[in-house]
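# A structural walkthrough
One-letter residues, chain by chain:
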Amino acid sequence: MRFSNLEAEFTRIGLSVEQVGKILGFTKGTMYNKLNCKTNWTLTDMRRVQKLINDRTTQPKVTLDYLFAQGD
């Protein structure tokens, strides 16, 4: 399972997974573990990601449910 919407939004705002990780204070490995559901996201970190994305887009604001929906 992956967080496909989350990765798509990173691309939409022009940031790589590694860049988002650096902004949030995560290593590259930690980011990939979180995106691949090997480690859990805390609610605080989920909100930080949501704010980062919403602050960098002119599109409608994204919800946590949308961002963290698990897909293939």
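These notes cover the structure that comes with them. (Residues numbered from 1 in each chain as written. Predicted model: local features only at pLDDT ≥ 70, side-chain atom pairs only at ≥ 80, totals over all residues. Heavy atoms only, no water.)

Scanning the chain from terminus to terminus reveals 5 helices and 0 strands. Ordered by position in the sequence, the α and β elements of the chain form the string α-α-α-α-α. Computed over its C-alpha atoms, the radius of gyration of the chain comes to 11 Å, within 12% of the 11 Å expected for a compact globule of 72 residues. Relative to its 72 residues, the chain shows a buried fraction of 38%. Contacts in the chain between residues at least 24 apart in sequence constitute 60% of all its contacts with a sequence separation of at least 6. Within the structure as shown, the chain displays about 4,500 Å² of accessible surface, and the carbon and sulfur contribution to it stands at 50%. Across the chain, the mean location of the 11 positive side-chain charges is 6 Å away from that of the 7 negative side-chain charges. (Helix = DSSP H or I, 4+ residues; strand = E, 2+ residues; numbered from the N terminus. Rg over C-alpha atoms; globule rule 2.2 N^0.38 Å. Buried < 20%, exposed > 50% of the residue type's maximum accessible area, 1.4 Å probe, protein only. Contact = heavy atoms within 4.5 Å. Areas by Shrake-Rupley, 256 points an atom, 1.4 Å probe, with all protein chains shown as cover. Lys, Arg positive; Asp, Glu negative; His and termini not counted. Charge placed at Lys NZ, Arg CZ, Asp CG, Glu CD.)

Moving on: the nonpolar core. Judged by nonpolar contacts, the single largest core of 19 residues is most densely connected at Leu 6, Phe 10, Trp 41, Val 49, Ile 53 and Phe 68. Going through the elements one at a time, helix H1 (4–12), helix H2 (17–24), helix H3 (28–35) and helix H4 (43–55) are the ones with two or more residues in this core. Per-element accounting of this core gives the leading share, 4 residues, to H4. Setting aside chain neighbours within four positions, we find Val 49 in contact with Leu 6, Phe 10, Leu 24, Trp 41 and Phe 68. (Core = buried A, V, L, I, M, F, W, Y, C linked by side-chain atoms within 4.5 Å.)

Looking now at the packing of aromatic side chains. The full count for this structure, using the stated rule, is 3 aromatic pairs. Where Phe 3 meets Phe 68, the ring centres are 5.7 Å apart and the plane angle is 70°; that geometry is what we call edge-to-face. One end of the pair, Phe 3, is in the segment before H1; the other, Phe 68, is in the segment after helix H5 (64–67), with 65 residues separating them in the sequence. A relative accessible area of 5% means that Phe 3 is categorised as buried. Residue classification places Phe 68 among the buried positions, given a relative accessible area of 11%. (Phe/Tyr/Trp six-rings, centres within 6.5 Å; stacked < 30°, edge-to-face > 60°.)

The phi dihedral of Cys 37 falls on the positive side, at around 60°, and the residue is not glycine. Along the chain, Cys 37 turns up in the loop between H3 and H4. Judged by its relative accessible area of 30%, Cys 37 is partly exposed.

Tracing the backbone through its elements, the reader meets Thr 58 in the loop between H4 and H5. Residues Thr 58 and Lys 22, 36 residues apart in the sequence, show an inter-C-alpha distance of 23 Å.

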